[in-house]
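Okay, here's what each chain looks like letter by letter:
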Amino acid sequence: MCLEKDMDIIENALMEGRKVLSEYESKQVLRAYGIPVTKEKEVHDMKNFRDALAGIGFPLVIKVNSPDVSHKTEHGFVHVDIRNQKEAMVIFKKIMKETEVVNISVLVQEMIFGNRELMIGLKHDSQFGPCVVFGLGGIFTEILQDVSVRVAPIKKSEALKMMKEFKAHRILDAFRGMPRADLDQLAHMIMAVGRVGLEEPRIKEIDINPVILSAGKPIAVDALIALC
């Protein structure tokens, strides 16, 4: 994938006066850096929606996709485990009719199954510069704040150390029939987020949450990028 093309997403957003990318835009930027994200399609009308259903396949997730909506789950804008076209159509029509958001599209996304949720983030510190955060993800991230932090750039050895430093690090191990997390892939994702922070000064923050472990493989299921 062309990195320059995906960085145009940032330029376009800034030209529109936006300081936040939509989930779909955020994932395009992450994908350009080799970070695994969900298979998904952005749609604006019924025809494209039908095509997306056929392309993604069931079960799937339907979300409101807008730079003006950050906490989608809290607002009831995320519908998971959709099993058939009839159910999907009802949800799509309801979203387009009832959602009072101007810059709206709908994201049709593959359903990722996994019980373990992580997060990877980036914040710019006034003293140290871009810092990468890794730790426990999901809806309790802000409450538990179980994370490890490093200043970018991050070597693989440091990324692996980060995985041992947060309190719930044992969820990365094999247990209860679930395989051990792919630590190499997680390290790659952590290092890649650090690269984004160093190479793209227009990005202020990155929040990838959750990163779900599906059969041990980490996949970015939701993401948000804030711009300077």
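Right above here is the structure, for reference.
Keep in mind that what you see is a predicted model, and the values were worked out from it rather than measured.

Enquirer: Got a sec to walk through the overall build of the protein? Specific residues and values, please.
Expert: From N to C terminus, the protein includes 7 helices and 10 strands. Principal axes of the C-alpha set define a box for the protein whose edges measure 50 × 45 × 35 Å. When burial is assessed residue by residue, the protein has 49% of its 228 residues classed as buried. Charged side chains in the protein number 31 positive and 32 negative. The centres of these two groups are separated by 5 Å.

Enquirer: How would you sum up the pairing of strand β6 (residues 129–136)? Please name residues and give values.
Expert: When you tally the buried positions in β6, you get 8 out of 8 residues, the bulk of the element. Where strand β5 (residues 116–125) hands over to β6, the hairpin turn is made up of 3 residues, counted between the paired strands.

Enquirer: Please set out helix α3 (residues 46–56) residue by residue, giving values where relevant.
Expert: What α3 keeps buried is the set F49, A52, L53 and I56. Looking straight down α3, one finds that the buried residues subtend no more than 100° of arc, so they occupy a single side. Residues K47 and A54 are exposed on α3 and point more than 90 degrees away from its buried face. Contacts made by the buried residues of α3 are with β1 (40–43), β2 (60–65), α4 (85–98) and β4 (105–110). The opening residue of α3 is D45, an N-cap whose side-chain oxygen sits 3.3 Å from the backbone nitrogen of K47. Two residues or fewer after α3 comes G57, characterised by a positive phi angle close to 85°.

Enquirer: Provide a residue-level description of α4, including the pertinent values.
Expert: Taking 1.5 Å per residue, 14 residues should reach 20 Å; α4 reaches 20 Å between its end C-alpha atoms and fits that length. Burial in α4 covers these residues: A88, M89, I91, F92 and I95. Around the axis of α4, the buried residues are gathered within 165° of arc, so they sit on the same side. Relative to its buried face, α4 has exposed residues pointing more than 90 degrees away, namely K86, V90, K93, K97 and E98. Its buried side turned inward, α4 meets β1, α3, β2, β3 (78–82) and β4. Two or three places before K86, at the opening of α4, N84 has a side-chain oxygen 3.3 Å from that residue's backbone nitrogen.

Enquirer: Pulling in residues and values, what's your account of the sheet that holds β3?
Expert: Sheet architecture is open: 4 strands sit in the order β1-β4-β2-β3, paired in antiparallel fashion. Across the chains shown, the open sheet's two edge strands, defined by having one partner strand only, are β1 and β3. Taking each pair of neighbouring strands and ignoring which way they run, the sheet shows an average axis angle of 20°. Of the pairings in the sheet, the one linking β1 to β4 comprises 4 bridges and is antiparallel in character. When the sheet's bridge partners are listed, E42 is paired in β4 with L107.

Enquirer: How would you summarise a nonpolar patch on the surface if you had to cite specific residues and measurements?
Expert: Taken together, the side chains of I139, F140, I143 and L144 define a hydrophobic patch exposed on the protein surface, amounting to about 490 Å² of accessible area. Take L144: its relative accessible area is 51%, and that puts it in the exposed class.

Enquirer: So, the environment of F134: which residues are in play, and what are the values?
Expert: By secondary structure assignment, the location of F134 is in strand β6. Put simply, F134 and S148 are 14 residues apart on the chain and 5.3 Å apart in space, counted from C-alpha to C-alpha. For F134, the contacting residues outside a window of four places in its chain are L118, M119, I120, D146, V147, S148, M162, M163, F166, L186 and I190.

Enquirer: So what about the packing of helix α6 (residues 156–165) against helix α7 (residues 183–199)? Which residues, and what values?
Expert: Two elements in contact, α6 and α7, have axes whose closest approach is 9 Å; the angle formed by their N-to-C orientations is 110°. Taken together, the axes of α6 and α7 are roughly perpendicular relative to one another. Judged by the sense of rotation from one axis to the other, the crossing of α6 with α7 is right-handed. On the side of α6, the interface is formed by K156, A159, L160, M162 and M163, while α7 contributes L183, D184, L186, A187, I190 and M191. Residues belonging to the contact of α6 with α7 are distributed by class as follows: 9 nonpolar, no polar and 2 charged.

Conventions used here
Residues numbered from 1 in each chain as written. Predicted model: local features only at pLDDT ≥ 70, side-chain atom pairs only at ≥ 80, totals over all residues. Heavy atoms only, no water. Helix = DSSP H or I, 4+ residues; strand = E, 2+ residues; numbered from the N terminus. Buried < 20%, exposed > 50% of the residue type's maximum accessible area, 1.4 Å probe, protein only. Lys, Arg positive; Asp, Glu negative; His and termini not counted. Charge placed at Lys NZ, Arg CZ, Asp CG, Glu CD. Pairing = 2+ DSSP bridges. Arc of directions from axis to C-beta. Contact = heavy atoms within 4.5 Å. Polar contact = N/O pair within 3.5 Å; in protein donor to acceptor, adjacent residues only side chain to side chain. Expected span 1.5 Å × (residues − 1). Axes fitted to C-alpha atoms, helices over the stretch in contact; angles between N-to-C directions. Patch = residues over 30% accessible without salt bridge, like charges linked within 9 Å, V, L, I, M, F, W, Y side chains within 5 Å. Areas by Shrake-Rupley, 256 points an atom, 1.4 Å probe, with all protein chains shown as cover. Salt bridge = Lys/Arg side-chain N within 4 Å of Asp/Glu carboxyl O. Parallel < 35°, antiparallel > 145°, perpendicular 65-115°, else oblique. Left-handed = near helix turned anticlockwise from the far one by under 90°. Nonpolar A, V, L, I, M, F, W, Y, C, P; charged D, E, K, R; others polar.

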